[in-house]
Amino acid sequence: MAIYDPKSLKAEEFINHEEILDTIKYAEENKNNIELIDRILDKARPQKTETGYVCKGLSHREASVLLACEIPEKIEEIYKIANEIKLAFYGNRIVIFAPLYLSNYCVNGCVYCPYHIKNKCIPRKKLTQEEVKAEVIALQDMGHKRLAIEAGEDPKNNPIEYILDCIKTIYSVHHKNGDIRRVNVNIAATTVENYRKLKDAGIGTYILFQETYHKESYLELHPTGPKHDYAYHTEAMDRAMQGGIDDVGLGVLFGLELYKYEFAGLLMHAEHLEAVHGVGPHTISVPRLKRADDIDPSQFDNGIDDDTFAKITACIRLAVPYTGMIISTRENEQVRSRLLHLGISQVSGGSRTSVGGYAGYSADERPHDTEQFDVSDQRSLDEVVRWLMENGHIPSFCTACYREGRTGDRFMSLCKSGQILNCCHPNALMTLTEYLVDYASPETKEVGYRMIEKELEKIPKEKVKGIAKENIIAIKNSNRRDFRF
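Cut-offs and rules
Along each chain, the written sequence defines residue order, and numbers are assigned to residues from 1. Given that the model is predicted, a residue must reach a pLDDT of at least 70 before its local features are reported, and side-chain atom pairs must reach 80 or more before they are shown or counted; all residues, however, enter totals for whole chains, interfaces and linings. Hydrogen atoms and water are omitted, and side-chain values are computed over all heavy atoms in the structure. Each helix corresponds to a stretch of at least 4 residues labelled H or I by DSSP, and each strand to a stretch of at least 2 residues labelled E; elements are numbered beginning at the N terminus. The reference for a compact globule is 2.2 Å times residues^0.38; the radius of gyration itself is calculated from the C-alpha atoms. Buried residues are those whose accessible area, probed at 1.4 Å on protein chains only, stays under 20% of the maximum for their type, while exposed residues exceed 50% and partly exposed ones sit between those limits. Should any heavy atoms of two residues lie within 4.5 Å, those residues are considered in contact. Positive residues here are Lys and Arg, negative ones are Asp and Glu, while His and the chain termini are left out of the count. By convention, the point assigned to a charge is CZ for Arg, NZ for Lys, CD for Glu and CG for Asp. Cysteine sulfurs are considered disulfide-paired once they come within 2.5 Å of each other. By nonpolar core is meant a set of buried Ala, Val, Leu, Ile, Met, Phe, Trp, Tyr and Cys residues that side-chain atoms within 4.5 Å join together. By salt bridge we mean one thing: a side-chain nitrogen of Lys or Arg within 4 Å of a carboxyl oxygen of Asp or Glu. Between N-to-C directions, angles span 0 to 180 degrees; the directions come from axes that are lines fitted to C-alpha atoms, helices contributing only their stretch in contact. Orientation is classified from the angle alone, with under 35 degrees giving roughly parallel, over 145 giving roughly antiparallel, 65 to 115 giving roughly perpendicular, and any other angle giving oblique. The residue classification treats Ala, Val, Leu, Ile, Met, Phe, Trp, Tyr, Cys and Pro as nonpolar and Asp, Glu, Lys and Arg as charged. All others, Gly included, are polar. Under the pairing criterion, centres of Phe, Tyr and Trp rings, with the six-membered ring standing for Trp, must be within 6.5 Å; the plane angle then separates stacked pairs below 30 degrees from edge-to-face pairs above 60, leaving the rest tilted. Placement of a charge over a ring requires the Lys NZ or Arg CZ to be within 6 Å of the ring centre, with the centre-to-atom vector within 35 degrees of the ring normal. What makes a crossing left-handed is the near helix being turned counterclockwise from the far one by less than a right angle; a clockwise turn instead makes it right-handed. A pair of strands is considered paired only if DSSP assigns at least 2 bridges between the two. A crossover counts as right-handed when, viewed with the strands pointing away from the observer, the path leading from the first strand over the helix to the second turns clockwise.

Comments concerning the overall build of the protein
Then comes step 1: When helices and strands are counted, the protein shows 20 helices and 13 strands.
Then comes step 2: Taken over the C-alpha trace, the protein has a radius of gyration of 22 Å; the compact-globule value for 485 residues is 23 Å, and the two agree within 12%.
Then comes step 3: Across its three principal axes, the protein shows a C-alpha extent of roughly 65 × 55 × 40 Å.
Then comes step 4: Counting only residues that meet the buried cut, the protein has 61% of its 485 residues in that class.
Then comes step 5: When contacts within the protein are restricted to residue pairs at least 6 apart in sequence, those whose partners lie at least 24 apart make up 74%.
Then comes step 6: Computed over 62 positive and 72 negative side-chain charges, the inter-centroid distance for the protein is 5 Å.

A look at the state of the cysteines
Then comes step 1: For the structure shown, the criterion picks out zero disulfides.
Then comes step 2: In this structure cysteine 315 is not part of a disulfide, and its nearest cysteine sulfur, from cysteine 69, lies 8.6 Å away.

So, the nonpolar core
Then comes step 1: Counting residues in hydrophobic clusters, the biggest one holds 147 residues, and the most contacted among them are Leu102, Ile163, Leu198, Tyr206 and Leu318.
Then comes step 2: When residues no more than four places from it in sequence are discounted, the contact partners of leucine 318 are Leu41, Ala44, Gly57, Leu58, Leu66, Ile78, Ile81, Ala82 and Ile85.

Points about unusual backbone geometry
Then comes step 1: Its identity as a non-glycine residue notwithstanding, lysine 176 has a phi of 55°, on the positive side.
Then comes step 2: Its location among the elements puts lysine 176 in the loop between strand 5 (174-175) and strand 6 (178-179).
Then comes step 3: On the basis of relative accessibility, which here comes to 72%, the residue lysine 176 falls in the exposed class.
Then comes step 4: The backbone of glutamate 211 sits at a positive phi, close to 75°, despite the residue not being glycine.
Then comes step 5: Mapped onto the elements, glutamate 211 comes out in the loop between strand 8 (206-207) and helix 9 (215-221).

A few points about the environment of isoleucine 85
Then comes step 1: Considering the arrangement of structural elements, one finds isoleucine 85 in helix 5 (residues 72-90).
Then comes step 2: In the structure, isoleucine 85 is positioned 15 residues away from leucine 100 in sequence and 31 Å away in space, judged by C-alpha atoms.

Some words on the side chain of lysine 465
Then comes step 1: One can find lysine 465 in helix 20 (residues 462-477).
Then comes step 2: Setting aside residues up to four positions removed in sequence, lysine 465 forms contacts with Leu456, Glu457 and Ile459.

Regarding the pattern of salt bridges
Then comes step 1: Applying the stated criterion to the full structure yields 35 salt bridges.
Then comes step 2: For the salt bridge of glutamate 404 with arginine 484, the shortest nitrogen-to-oxygen distance reads 2.8 Å. Placement of glutamate 404 in the loop between helix 16 (400-403) and helix 17 (408-417) and of arginine 484 in the segment after helix 20 is noted, with a sequence separation of 80 residues between them.
Then comes step 3: Through salt bridges that share partners, Arg181, Arg403, Glu404, Glu434, Asp482 and Arg484 make up one connected network.

Brief notes about the packing of helix 7 (residues 160-172) against helix 8 (residues 192-200)
Then comes step 1: Taken N-terminus to C-terminus, the directions of helix 7 and helix 8 make an angle of 10°; their axes are 10 Å apart at the nearest point. Classified by the angle their axes make, helix 7 and helix 8 are roughly parallel. For the pair helix 7 and helix 8, contact is made by Ile160, Glu161, Ile163, Leu164 and Ile167 and by Asn194, Lys197 and Leu198, respectively.
Then comes step 2: Tallied by class, residues from the contact of helix 7 with helix 8 come to five nonpolar, one polar and two charged.

What about the packing of aromatic side chains?
Centre distance and the angle of the planes are the two values used to describe a pair of aromatic rings.
Then comes step 1: Per the counting criterion, the structure on display carries six aromatic pairs.
Then comes step 2: Taken together, a centroid distance of 4.8 Å and an interplanar angle of 70° make the contact between tyrosine 195 and tyrosine 206 edge-to-face. Here tyrosine 206 lies in strand 8 and tyrosine 195 lies in helix 8, a separation of 11 residues in the sequence. Taken as a pair, tyrosine 195 and tyrosine 206 share a single burial class, namely buried.
Then comes step 3: Aromatic pair tyrosine 218 and tyrosine 230: ring centres 5.3 Å apart, planes at 80°, arrangement edge-to-face. With tyrosine 218 in helix 9 and tyrosine 230 in helix 10 (residues 230-234), this residue pair connects regions lying 12 residues apart in the sequence.
Then comes step 4: Its guanidinium or amino end placed over the ring of tyrosine 162, lysine 126 lies 4.4 Å from that ring's centre, counting from NZ or CZ.

Describing the packing of helix 15 (residues 381-390) against helix 18 (residues 424-438)
Then comes step 1: At a minimum axis separation of 12 Å, helix 15 and helix 18 run at an interaxial angle of 135°. Between helix 15 and helix 18, the angle falls in the class oblique. Judged by the sense of rotation from one axis to the other, the crossing of helix 15 with helix 18 is left-handed. Only Leu432, Tyr435 and Leu436 of helix 18 make contact with helix 15, whose side of the interface consists of Leu381, Asp382, Val385 and Met389.
Then comes step 2: Residues belonging to the contact of helix 15 with helix 18 are distributed by class as follows: six nonpolar, no polar and one charged.

Section: the pairing of strand 3 (residues 93-103)
Then comes step 1: Taken across its 11 residues, strand 3 has 11 buried, putting it largely inside the fold.
Then comes step 2: As judged from the three bridges shared by strand 3 and strand 13 (residues 394-396), these two strands associate in the parallel manner. Paired with isoleucine 94 across the two strands is proline 395, which belongs to strand 13.
Then comes step 3: The pairing of strand 3 with strand 4 (residues 146-151) spans five bridges and is parallel. Bridging across to strand 4, alanine 98 finds its partner in leucine 147.
Then comes step 4: Chirality of the crossover, the property in question, places the unit of strand 3, helix 6 (residues 129-142) and strand 4 among those that are right-handed.

Let's talk about the pairing of strand 11 (residues 324-327)
Then comes step 1: Here strand 11 shows two buried faces, one formed by Gly324 and Ile326 and the other by Met325 and Ile327.
Then comes step 2: Both strand 10 (residues 283-285) and strand 11 contribute to a ladder of three bridges, which runs parallel. The partner of isoleucine 284 across the bridge, within strand 11, is methionine 325.
Then comes step 3: Bridge count between strand 11 and strand 12 (residues 346-348): two bridges; the pairing is parallel. The residue bridging isoleucine 327 from the neighbouring strand is valine 347, located in strand 12.
Then comes step 4: In terms of handedness, the path from strand 11 via helix 14 (residues 333-339) over to strand 12 forms a crossover that is right-handed.

Following this line, the structure appears as structure tokens:
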């Protein structure tokens, strides 16, 4: 029997089945232990320092107790602290991105994904470099600066060389005032050598969803193909970081397995990365299983309701206070709105999950034939940006940290130092100004300029505030772009 060891490089030791079961049992036994719950909540609260805030975070066992808690007033306290943590370290900024699907060719047999090899109904498509360029121009015309590229696992159709060519093409497109400044990559687990190639290509975050940490379920859900190898998939982030990638993004697909098991496994994975590499995940995504071409979520027994989903999100925020949290357009406007106050720091907007889903389509049109999943929030990027601002959030198109080398532990140091308001805050306002000038509707411009004028006054350092104001004037009055601190 494997022994739990967060410093081990073996999947079954750092994601240890017995430890997860013991954690769930411990949480169940203490779910109404008010004294223990209060101690955990006190530990989770952000503490003010001379320079900013610090948070201790929570262990997977502590966070699991909060997840199991059924006391209404304590649950409300969890939500309150989650919002406090988000505001302490990320402010009221919400980073904006879009997915770009390159190919749906896939050799795996994942039973929850319409790209599985046995699906003969879905049209298979792979973008040429000219088609990639057209997609990028369409995304730039929407106002996007940050992409997450997606591709099925197929060594013949989607080799690493194809992914690298696509990244090169994306970065090469300079259309009007548009540029894609950060390309995050969500592709199958690969080798240290290939991760080095991705690093050299200038990627931002390497994202790989575990799908489920329950090994027996994992093997059943991935019956064929290279993804069937649980250990190789689960150990991928270690290889990525060995290959020089500082920022990695975790996630599970909630609905495939019991959520308490997945929650504990996800946090154990974060603890493992911290223990071995000195820095935890840059992001954690919280997708839920959704309907797709030949996939019916009701066929899976572990779906979670909106209240449970909100609780999971808030408890993750308490456990990993410095990690970015992502919610996609899998969720509708109401769910996304709620989760923005529970720790979410990144959202997608105007998203298409089809291969070639942007070029040639208006904001109201979307192809469905090659979608990976149904998009619940189908609003345009302009509508999402305006919605965020009307609810007090700053839509940020900033990619400065990645390009200034503030990745990995260096980003975490920035987060902990309290310099967000002197760095990320003005960067968000300047990139928002770019969006308003170049892409926004008149209604969105009106809301945005009012917000920027107000938010500029929150910058603590007068020198930084002055420079930000000058740069914003330059953006409005010229084609000068890409100012950053």
